[in-house]
Amino acid sequence: MAAIRNTPGVLGKVLLLPGDGIGSEVMREVRRVMDWFARRHGLEFELDEGRVGGTSYDHHGTPLTDEVMAKALEADAVLFGAVGGPKYDVLPFEAKPERGLLRLRKEMELFANLRPAKVFDALVDSSSLKPELVRGLDLMILRELTGGVYFGEPRGIETLPDGSRRGVNTQVYTTAEIVRVARVGFELARKRNAKLCSVEKANVMESGVLWREEVQRLHDAEYGDVELTHMYADNCAMQLVRAPKQFDVIVSDNLFGDILSDCAAMLTGSLGMLPSASLGAPDANGKRKAMYEPVHGSAPDIAGTGLANPIAMLQSFSMMLRYSFDQDEAADLLDDAIGRVLAGGLRTADIMQPGKAKVSTSVMGESIIRELDKAA
Ligand code: NAD
């Protein structure tokens, strides 16, 4: 069982942005777990809370106020719930709840998106793959988030002289963009099993050739202790569903990372179990801007019913402990407690299986805290 060093004192500033729908319901469970860590281990944060998304629009006429944006830029980490809902579908583009999230990502310059795919033993049957392929799976997909073909110029749709049309997007990466995300990949690998697989299409794309050369160069100069391999993106997609346990950390560009992270997510079964982190560049003190959020949305179909699974949000908090505050032991403690609650047979509705006990959001949260108590 994981032990934890006592680390009394305030670790840093955390901004909570629960958002809409189940966002606030799952954030409530994080608050309780945060209280537990403060009470039992003296692990405290300077907490602030703000509105984002539809709730911000309702109160302030905008999905994100400048004041909340400024707080996010000042915080050591932002914990984000979810935004959106059918009520806001009619709003103009700029007022939509999702614009609040996009503004946070843009102004915090979060260029590295981390999506772990971890399969808890108790849930091996929820995966679409055979249990033996995913039992014990624990991999991390690192996606470059602010460059590549989604942003490259020129772009657009043009009409040609013969009246037909042509759509153009440009895949473009610079050395600096590649090196900064690769560096995150090597650092992540060092915190895990010291294996990094870099993914591109160097066989058919010049930007892929550059990607491969720059990642290799960085490895040779600074990260010789990490085992680096290179793989073409199409092969990686195949390997993820053939033998996913061969991977530790995968780093890829915006487009391939988008596809591969969704593919890896489904290895684990449920949307309610998937956390994520987005990181920015380190400042002079080596501290990165960071935002942690579940992959799921505001789930308006179940909001207010107590059916939401809080585990993706709790694991996002666990990632925050690990990657923003270097509290690996606390993160392990929480991850282990979640694993034991699932092994004990408790399930929220989204991960319900025959013969297991169906519980609400808050009972799931309480049960995780009870397991934390046992381990403390
Ligand atoms: P969704 O992720 O909200 O829900 C998809 C399905 O999964 C729903 O049936 C929902 O009940 C279920 N689900 C999601 N999270 C769950 C959880 N924690 N526990 C149990 N069940 C869960 O996606 P959607 O329905 O396509 O979108 C709903 C709203 O959320 C939209 O307004 C969309 O724009 C927004 N959205 C926001 C984010 C975000 O804030 N990051 C991400 C995706 C969608």
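Residues numbered from 1 in each chain as written. Predicted model: local features only at pLDDT ≥ 70, side-chain atom pairs only at ≥ 80, totals over all residues. Heavy atoms only, no water.

(A) The overall build of the chain, seen in detail. Looking only at helices and strands, the chain has twelve helices and 14 strands in total. Taken over C-alpha atoms, the radius of gyration comes to 21 Å for the chain, in line with the 21 Å a tight globule of 376 residues would show. Its C-alpha atoms give the chain principal-axis dimensions of roughly 65 × 50 × 45 Å. Burial analysis of the chain (376 residues in total) assigns 52% to the buried set. (Helix = DSSP H or I, 4+ residues; strand = E, 2+ residues; numbered from the N terminus. Rg over C-alpha atoms; globule rule 2.2 N^0.38 Å. Buried < 20%, exposed > 50% of the residue type's maximum accessible area, 1.4 Å probe, protein only.)

(B) Expanded view of the packing of helix 11 (residues 328–343) against helix 12 (residues 361–375). Two elements in contact, helix 11 and helix 12, have axes whose closest approach is 8 Å; the angle formed by their N-to-C orientations is 115 degrees. Every pair of crossing elements has a handedness; the one defined by helix 11 and helix 12 is right-handed. Residue-level contacts link Leu333, Leu334, Ala337, Ile338, Arg340, Val341 and Leu342 of helix 11 to Met364, Ser367, Ile368, Glu371, Leu372 and Ala375 of helix 12. Its residues assigned to classes, the contact of helix 11 with helix 12 shows ten nonpolar, one polar and two charged. (Axes fitted to C-alpha atoms, helices over the stretch in contact; angles between N-to-C directions. Left-handed = near helix turned anticlockwise from the far one by under 90°. Contact = heavy atoms within 4.5 Å. Nonpolar A, V, L, I, M, F, W, Y, C, P; charged D, E, K, R; others polar.)

(C) Summary view of the sheet that holds strand 2 (residues 43–49). The strand order 2-1-3-12-11-4-5-10-8-9 describes an open sheet built from ten strands, whose pairing is mixed. The sheet is open, and its two edges are formed by strand 2 and strand 9 (227–232), each paired on a single side. Neighbour to neighbour, the strand axes of the sheet diverge by 25 degrees on average, direction disregarded. In this sheet, strand 11 (residues 275–282) lies alongside strand 4 (residues 112–118) in antiparallel orientation, the contact comprising three bridges. In the strand pairing of strand 11, leucine 114 is matched with alanine 277. Along the sheet, helix 4 (residues 97–107) contacts strand 1 (9–19), strand 3 (77–82) and strand 12 (288–294); its crossing angle with strand 12, the most-contacted strand, is approximately 155 degrees. (Pairing = 2+ DSSP bridges.)

(D) Geometry of the site of the ligand. Of all residues adjacent to the ligand, which total 22 residues, the nearest are Glu98, Gly297, Ala299, Asp301 and Asn309. Contact between the ligand and serine 298: an oxygen atom at 3.2 Å from a main-chain N or O atom of the residue. Contact with the protein chains covers 68% of the free accessible surface of the ligand, which is 800 Å². Sorting the residues of the shell around the ligand by element identifies strand 3 and helix 4 as the ones contributing at least two each. For the shell around the ligand, the class distribution of residues is eleven nonpolar, seven polar and four charged. (Near = heavy atom within 4 Å. Polar contact = N/O pair within 3.5 Å; in protein donor to acceptor, adjacent residues only side chain to side chain. Areas by Shrake-Rupley, 256 points an atom, 1.4 Å probe, with all protein chains shown as cover.)

(E) How the structure looks around the nonpolar core. In this structure, Phe37, Leu79, Leu114, Phe317 and Met320 are the most contacted members of the largest nonpolar core, which totals 69 residues. Apart from the residues within four sequence positions on either side, methionine 320 is in contact with Val14, Met34, Phe45, Ala77, Leu79, Tyr292 and Phe325. In terms of nonpolar packing, the next biggest core, distinct from the first, is built from 20 residues, Ile141, Leu240, Ile250 and Phe256 among them. (Core = buried A, V, L, I, M, F, W, Y, C linked by side-chain atoms within 4.5 Å.)

(F) Structural detail: helix 6 (residues 175–191). Here helix 6 spans 24 Å end to end across 17 residues, near enough to the 24 Å set by a 1.5 Å rise per residue. Along helix 6, the residues classified as buried are Glu177, Ile178, Val179, Val181, Ala182, Val184, Gly185, Phe186, Leu188 and Ala189. (Expected span 1.5 Å × (residues − 1).)

(G) Inspection of the state of the cysteines at higher detail. A full pass over the atoms with the stated rule returns zero disulfides. For cysteine 197, which is in no disulfide, the shortest distance to another cysteine sulfur is to cysteine 236 and amounts to 5.5 Å. Taking the relative accessible area as the measure of exposure, cysteine 197 reaches 4% and is therefore buried. Unpaired in this structure, cysteine 263 has its nearest cysteine sulfur neighbour in cysteine 236, at a distance of 8.1 Å. For cysteine 263, a relative accessible area of 24% translates into the label partly exposed. (Disulfide = S-S within 2.5 Å.)

Structural measurements only, silent on function.
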